[in-house]
Amino acid sequence: MSLFSENPKILIVSGDSYTDSKYTETHKFPVWPELLAKKLKMECVNLGRSGQGNEYISSSLLDTISELKNHKNIGLVIPMWSEFSRIDFAGRHGQWAALHFPAEEGTLDRHNHEWKNRIMKDLYTNGLGRSEPNLKKSLRIFYMFQQTMKSLNIPFLQVIGTQTIPWPAAKIIDSPYLKLIDKNLFCGWPAIPEVGGWHVDSFLDGYEYEDVRMGLDDCHPNDKGHSLISKKLYQYYEARYGTIF
């Protein structure tokens, strides 16, 4: 579908492997953006890319929105935010790469590419890539995205996908962004299960693991998992924007 066509409303989403349709291509089932677009009767523009972090997610959405001739064609925008421990780098020709900083310094060699491990170790040694600043950066990105969408009068929802490194609850609760972020438009905010919030991983944890995940060695949502995610997001859409007939 051309982004510059006059087709019906479009759903624009971005995220990591929980959103990327290429991750499930070999399994022959649709991912949550396709299922949600069908419920919303919208065209789907899926910008999700495996392994990326929140800077890629926000950048891909804003770049795409900026290229559209008519924002009135946008029915809904959803970032499914990734782990705050990821740092993105933009390259030439639309290329992106990400470093996945671990919770413990001893696992800084987690990447398959040695150049990534080398850069990550150098950054970590010099005080960069630590959890707390990366968390604050993600909160900042969430707020900037929210304010941009509101200023452009574009319907949106936000949601957090995977969080393999638990969010430090105290750092979020004490952050000024806690109240600046509109919880009515952020599914599960503040995404801390201990205080009644949720993210996609904690939502799926409410079901039998193997019933909603790809397997014991693969935590990605399976076909039922993606179906449940799309239904959950549609419920939020209905509550905020009304029912699609």
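Here the structure is shown first, and the text comes after it.
Residues numbered from 1 in each chain as written. Predicted model: local features only at pLDDT ≥ 70, side-chain atom pairs only at ≥ 80, totals over all residues. Heavy atoms only, no water.

Novice: Would you take a moment to explain the pattern of salt bridges for this structure?
Specialist: Any two side chains of opposite charge can pair, on the condition that their charged atoms come close. Applying the stated criterion across every chain, the model contains seven salt bridges. Salt-bridge contacts for Asp201 lead to Arg213; the nearest nitrogen and oxygen are separated by 2.8 Å. Of this pair, Asp201 sits in helix α7 (residues 200-204) while Arg213 sits in strand β7 (residues 213-215); the two residues are 12 residues apart in sequence, bridging distant segments of the chain. Each of the two residues, Asp201 as well as Arg213, counts as buried. Asp211 serves as the salt-bridge partner of Lys224, at 2.5 Å between the closest nitrogen and oxygen. Here Asp211 lies in helix α8 (residues 209-212) and Lys224 lies in helix α9 (residues 223-241), a separation of 13 residues in the sequence. Classification of Lys224 by relative accessible area gives partly exposed; the value is 34%. (Salt bridge = Lys/Arg side-chain N within 4 Å of Asp/Glu carboxyl O. Helix = DSSP H or I, 4+ residues; strand = E, 2+ residues; numbered from the N terminus. Buried < 20%, exposed > 50% of the residue type's maximum accessible area, 1.4 Å probe, protein only.)

Novice: Is there a simple way to think about the pairing of strand β8 (residues 218-221) in this case?
Specialist: A regular strand carries its side chains on alternate faces of the sheet. Note: β7 against β8, two bridges, orientation antiparallel. By the bridge assignment, Arg213 is partnered in β8 with Pro221. Linking β7 to β8, which pair antiparallel, is a turn of two residues. (Pairing = 2+ DSSP bridges.)

Novice: Would you mind going over the nonpolar core with me for this structure?
Specialist: Nonpolar side chains tend toward joint burial in soluble globular proteins. Counting residues in each nonpolar core, the largest one holds 57 residues, and the members touching the most others are Ile12, Val77, Ile78 and Phe142. At the level of elements, β1 (10-14), α1 (32-40), α2 (54-67), β3 (74-81), α4 (131-152), β6 (159-160), α7 and α9 are the ones that each hand at least two residues to this core. With sequence-adjacent residues up to four places away left out, Val77 is seen in contact with Ile12, Leu61, Ile65, Phe145, Met149, Ile154, Pro155, Phe156 and Leu157. The next biggest cluster of nonpolar side chains, apart from the first, holds five residues, and it includes Ile87, Leu99, Phe101 and Met120. (Core = buried A, V, L, I, M, F, W, Y, C linked by side-chain atoms within 4.5 Å. Contact = heavy atoms within 4.5 Å.)

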